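# Breakdown of the fold
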Amino acid sequence: MSKPIEAVIAETFRISPAAVLDTLAFNAIPEWDSLAHMDLMLALEAAYGVTIDEDRMLELTSVRAIREFLRDGARGA
Amino acid sequence: MTKPAEPVIDKVDGRSLRSGFLASAAAHPQATALAVQGVTRTYGELETTARIWAQAIGEALGRRPERVGIFGYRSEVSYAGVLAALFGGATFVPLNRTFPPARTRRMIEAANLDAIIVDQSSSVQLTEILKGLRPTPLLLLPENEAREFSAPGRVVLGKSELAGVSPLAALPPVIPSDIAYLLFTSGSTGVPKGVPVTHGNVLHFIDVITDRYGITPADRFSQTFDQTFDLSVFDLFVAWERGASVYAMQPLELLAPTRFVTRNELTVWFSVPSIPALMRKKGFLKPGGFPSLRLSLFCGEPLPVASAEAWQQAAPNSILENLYGPTELTIACLLHRWDPERSPALCVNGMVPIGRPFPGLGAMLLDDDLRPITDGGAGELCVCGPQTVPGYWQDDAKTAERFVSVRVSPSITVRVYRTGDRAARHPSGDYVYLGRVDHQIKVLGHRVELGEIEAALRADAAVVEAIAVGWPVEEGTAHGIVAFVSGSGIDQGRLLEAVRAKLPDYMTPREIRVIDTMPLNPNGKIDRNALQQRLDGTR
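Residues numbered from 1 in each chain as written. Chains lettered and ligands numbered in written order. Predicted model: local features only at pLDDT ≥ 70, side-chain atom pairs only at ≥ 80, totals over all residues.

## Regarding the overall build of chain B
The number of helices and strands found in chain B is 17 helices and 28 strands. Its C-alpha radius of gyration of 24 Å places chain B within 12% of the 24 Å reference for a compact globule of 539 residues. The dimensions of chain B, computed from C-alpha atoms along their principal axes, are 75 × 60 × 50 Å. Taking all 539 residues of chain B together, the buried fraction comes to 50%. (Helix = DSSP H or I, 4+ residues; strand = E, 2+ residues; numbered from the N terminus. Rg over C-alpha atoms; globule rule 2.2 N^0.38 Å. Buried ≥ 20, exposed ≤ 12 C-beta atoms within 10 Å, placed from the backbone.)

## Focus: the overall build of chain A
The number of helices and strands found in chain A is 4 helices and 0 strands. When its helices and strands are written in sequence order, chain A yields α-α-α-α. On C-alpha atoms alone, chain A measures out to a radius of gyration of 11 Å, which is about the 11 Å that the 2.2 N^0.38 rule sets for 77 residues. In chain A, buried positions account for 21% of the 77 residues. Taking the contacts inside chain A whose residues are at least 6 apart along the sequence as the reference set, 47% of them involve residues at least 24 apart. (Contact = placed C-beta atoms within 7 Å.)

## As for the environment of A35 of chain B
Residue and element names in this part refer to chain B. Relative to the helices and strands, A35 resides in strand β1 (residues 32-36). In sequence terms A35 and S222 are 187 residues apart; their C-alpha atoms lie 10.0 Å from each other. Setting aside anything within four residues of it in sequence, one finds A35 in contact with T40, S245, Y247, A248 and N264.

## A few points about the confidence of the model for chain B
Detailed reading of the predicted coordinates is not advisable wherever pLDDT falls low. Residues at a pLDDT of 70 or more form 97% of chain B, whose mean pLDDT is 92. Here the prediction assigns the complex a pTM of 0.87, and the interface score ipTM is 0.79. (pLDDT = per-residue confidence, 0-100.)

## Digging into the interface of chain B and chain A
In this complex, chain B contributes 13 residues to the contact, which on the side of chain A involves 11 residues. Contributing elements (two or more residues each) for the side of chain B that touches chain A: α10 (251-255), α11 (258-263) and α12 (274-282) of chain B. Among the residues making up the side of chain B that touches chain A, the classes are represented as 8 nonpolar, 2 polar and 3 charged. (Nonpolar A, V, L, I, M, F, W, Y, C, P; charged D, E, K, R; others polar.)

## Points about unusual backbone geometry
Residue and element names in this part refer to chain B. Omega for the peptide link from R134 to P135 comes to -10°, which places this bond in the cis form. Within the element layout of this structure, P135 appears in the loop between α6 (126-130) and β6 (138-140). A cis amide bond, omega -5°, links W471 with the succeeding residue P472. With respect to the helices and strands, the residue P472 is situated in the loop between β24 (463-470) and β25 (473-474). You will see that N112, though not glycine, has its phi angle at about 50°, which is positive. Structurally, the position occupied by N112 is in the loop between α4 (101-111) and β5 (115-118). The exposure class assigned to N112 is partly exposed, which follows from the 13 C-beta atoms found within 10 Å. At T330, a residue that is not glycine, the phi angle is positive and equals roughly 65°. Considering the arrangement of structural elements, one finds T330 in the loop between β14 (319-324) and β15 (334-337).

## Side note on the nonpolar core
Residue and element names in this part refer to chain B. Residues W53, V68, I117, L140, V383 and A483 are the most contacted members of the largest nonpolar core, which totals 174 residues. It is helix α3 (residues 76-87) that provides the largest number of residues to this core, a total of 9 residues. Those residues within four positions of L140 in sequence are excluded, and the remaining contacts are W53, A56, I57, A115, I117, V118 and L157. (Core = buried A, V, L, I, M, F, W, Y, C linked by C-beta atoms within 7 Å.)

## Here's the deal with helix α8 (residues 199-213) of chain B
Residue and element names in this part refer to chain B. Compared with an ideal rise of 1.5 Å per residue, which puts 15 residues at 21 Å, α8 spans 21 Å between its outermost C-alpha atoms and is within 8% of the ideal. Of all the positions in α8, only H199, G200, N201, V202, L203, H204, F205, I206, V208 and I209 are classed as buried. On its buried face, α8 is in contact with α1 (19-27), β8 (179-185), β9 (193-198) and α9 (231-241). Positive phi shows up at G214, right after α8, with a value of about 55°. (Expected span 1.5 Å × (residues − 1).)

## Considerations on the packing of α8 of chain B against α9 of chain B
Residues and elements named next belong to chain B. At their nearest, the axes of α8 and α9 sit 10 Å apart, and the two run at 65° to each other. If you check the angle between α8 and α9, you find them roughly perpendicular. As α8 runs across α9, the sense of the crossing is right-handed. Of α9, the residues touching α8 (which contributes V202, I206, I209 and T210) are V233, F234, F237, V238 and E241. Among the residues making up the contact of α8 with α9, the classes are represented as 7 nonpolar, 1 polar and 1 charged. (Axes fitted to C-alpha atoms, helices over the stretch in contact; angles between N-to-C directions. Parallel < 35°, antiparallel > 145°, perpendicular 65-115°, else oblique. Left-handed = near helix turned anticlockwise from the far one by under 90°.)

The following block contains the structure:
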């Protein structure tokens, strides 16, 4: 069974999983800057076996967007 | 003792950093000068805005401003603000909201600013930065209301105050020895060093570049660099000198730029090599992905051969050049044109050569005692000519250390800037970068060039970036090497074995750590100090 999204995000940014709310977004906290965003995309690819292209990476800028992408991506797979 | 009176200089306006923009605006007022987040501004609009701000600052101060801070981040205000400072006859001093507020405050104090132009996204830090700052510079906030920031003893001009101001008609004259911009670079001691660059310095750069690349009004430039990085001056003023347009990129777009480049049909790309390295890692650099580019330039850190090759395939219609230069030599001073046939043989440690000096500049290799190196060996790269800045801002001691006189013939002495970079000269005349003078470290008495270890690591196809540091350091000498690598599918054990086969024991890393991405400093270069600190933190 794959790791919860909150855990992957919290580990990447080194923040508390409790802080990973759906409304958390790119640039809202210092830990989620553009380089960390790249780290997060790599971490999501590794954790869930998805492929994130350039356009997708620009869309996945909130926890909600990531959650929806992974849910819909899994359904499509 | 009375201070000697400063001479009054009679100035007659001539060419300067602003004159190219003004000429382009006069010739093509309707042409696009700038695009920020989908909003475009014509030359005419940008000129009027900047003239209004320049007028407002001069009026409120009751005199011509000396230095104006630009506290904006990739916004219309941050670009128009630069023009407003220059139109007012002032030096512009870029500030950056991604820097710690305490650092910004130190820069404001050191630069002794008369005024600061602030965009909305930066204004949220303003109260903290101004705390304890005496005297407070005049504040110009074109996107805010003045009352949000008013305080006793503070002059604040906001949206409402600017509404009735007419554009500055007669621009105060500027001469080539005046300072166009003052930038702060990170000093090794942790105190930012100010580098004042004259109009004469930067005009030489602009003239070399516009001629070499034949820039025209049809060109569309990327704007990838933070404005606190001097390479941003290229993006703005090389474009504006010839009536071209500038497309400001936001941080995320930098990491995934294909759509941005394609949609805006950019013709000129200029960035740090970290961007193609990150794109390679993520598989974003696809052959033919950038058909609109005719010019691709990289500067700021060494350019790996693999990145040059991959970028050239992605931008098949583009010339690709590697530029080199510290802020003290005005943006860039050496360059090498990538040639898939000829260049690979010139590369050292898997890095593209930094090439030859710009026309009108001189480069030489000197040893520690400033004697020329003539045997083809490595030395400190030193550069002379019209792009050498006058010295460091209010630091005569540091200036005397880095800007030195070298006798090149019995009757001629030239003033050179010591770059602190180790280089060697290929018989073709191309210089190759070997590393920082201070990246040549001693490990248990052996002289070690960290760049050589990094090249050995990067030789593994899975490795994209590699940084070696001397660690642990005890009593000033390193006892071993630890390496950090990034890439995809790296096999640490195999990598260590491969490196061990190439390097002597004292150069072989005792540990190789795989990390997702390298920490970058505010200018987008790999931050070695941060890696060193990670090691220090684990002791």
